[in-house]
Amino acid sequence: VQALAQLPELAAPVLALNHIDSPELAGTALFQFGLAPEDEAREVARRAWLEGYTRAAILVPESDWSDRVTAAFTDQWLQLGGYILEQQRYNPAEADHGPAITALLNLDSSQLRKTRLVRQLGRTLEFEPRRRQDIDFIFLLATPEQARLIRPQLKFYRASSVPVLSTSHVYSGQIDSERDSDLDGLQFCDMPWLLDENGNWQHLRNALTARRPAQSVRYARLQALGIDAWRITPYLDQLGGSMFGNYHGSTGNLQVDAAQQVHRTLQWAHF
């Protein structure tokens, strides 16, 4: 897509199934449409603001991908007027995320105060760690496997009452009540293809499931991207105008910005 954007001219309109980082480079014939996780991060920020939250804590994995998504969330959240109280990164290869969570909740500071008191008084004290009470919600980036580990650990560290909002990455795409019981209460955004059973694409989903049952689960989101790309392709010249200023697709509510990048507004669900 970057190479296409750098061409002086395109012979025909092109719909690229990805976004570039420098949209100002693209010409008028290049449209960009992808499942950008940054859109989901911005969606979480808007949802949290509508819920009346103002103070966020961020818990994300250690990765370049996570840094980009976190930057999108942070930018949108600060623009709305929110505050970020704490941010911690966890190692996605590990099962114990206690150090990151205790730092996120300031439990390590509570433990430090207890240690200082013991030293000053010279005797054993009864002690119960106390987490910070000023967090309105936690923005969590995690896969289903990671989230199933992190959510119970948040409860263990006395944060069971703190709302947790996440992106579609916490949802496998299939309802699994037994394995996802630890995620009870967690809210996430995802595309209508996976959440809305009354969309005008239901017949397509049934056909794909019948033909390719394994792929229909594994590649569900990409299939939805293909369907929306097919449906908007004949109208690229009108995309962003009055006709397609707000297109209700299987990947979300689609809008086009001045750089001709298609952005998605998603639906919300909770475990």
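These notes cover the structure that comes with them.

The rules behind each value
- Residues numbered from 1 in each chain as written.
- Predicted model: local features only at pLDDT ≥ 70, side-chain atom pairs only at ≥ 80, totals over all residues.
- Heavy atoms only, no water.
- Helix = DSSP H or I, 4+ residues; strand = E, 2+ residues; numbered from the N terminus.
- Expected span 1.5 Å × (residues − 1).
- Buried < 20%, exposed > 50% of the residue type's maximum accessible area, 1.4 Å probe, protein only.
- Core = buried A, V, L, I, M, F, W, Y, C linked by side-chain atoms within 4.5 Å.
- Contact = heavy atoms within 4.5 Å.
- Salt bridge = Lys/Arg side-chain N within 4 Å of Asp/Glu carboxyl O.
- Phe/Tyr/Trp six-rings, centres within 6.5 Å; stacked < 30°, edge-to-face > 60°.
- Lys NZ or Arg CZ within 6 Å of the ring centre and 35° of its normal.
- Pairing = 2+ DSSP bridges.
- Axes fitted to C-alpha atoms, helices over the stretch in contact; angles between N-to-C directions.
- Left-handed = near helix turned anticlockwise from the far one by under 90°.
- Nonpolar A, V, L, I, M, F, W, Y, C, P; charged D, E, K, R; others polar.

**Examining helix α2 (residues 37-50)**
Here is step 1 of the chain: The end-to-end C-alpha distance of α2 is 20 Å, a good match for the 20 Å that 14 residues give at a rise of 1.5 Å each.
Here is step 2 of the chain: Along α2, the residues classified as buried are P37, E38, D39, E40, A41, E43, V44, A45 and A48.

**A closer look at the nonpolar core**
Considering soluble globular proteins, one finds that nonpolar side chains tend to be buried as a cluster.
Here is step 1 of the chain: Counting residues in each nonpolar core, the largest one holds 32 residues, and the members touching the most others are L59, I138, L140, I150, L186 and W193.
Here is step 2 of the chain: For this core, the secondary structure elements donating two or more residues are β3 (55-61), α4 (98-104), β5 (137-140), α6 (144-156), α7 (192-195) and α10 (220-232).
Here is step 3 of the chain: Once you skip the residues sitting within four places of it in the chain, I138 turns out to touch A57, L59, L104, L154, V162, P163, V164 and L165.
Here is step 4 of the chain: Of all hydrophobic cores here, the second largest spans 19 residues; its members include A41, V69, F73 and F137.

**Section: the pattern of salt bridges**
Here is step 1 of the chain: Tallied over the full model, the rule gives nine salt bridges.
Here is step 2 of the chain: Residue R89 pairs with D67 through a salt bridge whose shortest N-O separation is 3.2 Å. Taken together, the residues span a long stretch of sequence, with R89 in strand β4 (residues 83-90) and D67 in helix α3 (residues 64-80) at a distance of 22 residues.
Here is step 3 of the chain: Among the ionic pairs, D180 bridges to R148, the shortest N-O distance being 2.9 Å. Note that D180 is positioned in the loop between β6 (164-166) and β7 (187-190) and R148 in helix α6, a separation of 32 residues in sequence.

**Here's the deal with the packing of aromatic side chains**
Here is step 1 of the chain: Taken as a whole, this structure holds 10 aromatic pairs when the rule is applied.
Here is step 2 of the chain: Taking the centre distance of 5.8 Å and the plane angle of 80° together, the rings of W49 and W77 count as edge-to-face. Of this pair, W49 sits in helix α2 while W77 is found in helix α3, placing the two residues 28 residues apart along the sequence.
Here is step 3 of the chain: Given the relative accessible area of 33%, W49 is considered partly exposed.
Here is step 4 of the chain: When its relative accessible area of 0% is taken as the criterion, W77 is described as buried.
Here is step 5 of the chain: Relative to F137, the ring of Y53 has its centre 5.5 Å away and its plane inclined at 25°; by these criteria the two rings are stacked. Taken as a pair, Y53 in the loop between α2 and β3 and F137 in strand β5 lie far apart in primary sequence, 84 residues in all.
Here is step 6 of the chain: Overall, the relative accessible area of 16% leaves Y53 in the buried class.
Here is step 7 of the chain: Note on F137: relative accessible area 0%, which makes it buried.
Here is step 8 of the chain: Grouped by ring-pair contacts, the aromatic residues W49, Y53, F73, W77, F137 and F139 constitute a single cluster.
Here is step 9 of the chain: A cation sits over an aromatic face here: R205 above W193, 5.7 Å from the ring centre.

**Points about the sheet that holds strand β11 (residues 267-270)**
Here is step 1 of the chain: Across the sheet, six strands lie side by side as β4-β3-β5-β6-β7-β11; this open sheet has mixed pairing. A strand with exactly one partner marks an edge of an open sheet, and here the two such strands are β4 and β11. The average angle at which neighbouring strand axes cross in this sheet is 25°, direction not considered.
Here is step 2 of the chain: Here β3 pairs with β4 via seven bridges, running parallel. In the strand pairing of β4, A56 is matched with I84.

**Points about the packing of α2 against α3**
Here is step 1 of the chain: Where α2 contacts α3, the two axes come as close as 8 Å, and the packing angle between them is 35°. Taken as a pair, α2 and α3 cross one another with a handedness that is right-handed. Between α2, through P37, E38, A41, R42, V44, A45, R46, A48 and W49, and α3, the contact on the second element is made entirely by W65, R68, V69, A72, F73, Q76, W77 and L80.
Here is step 2 of the chain: Its residues assigned to classes, the contact of α2 with α3 shows 12 nonpolar, one polar and four charged.

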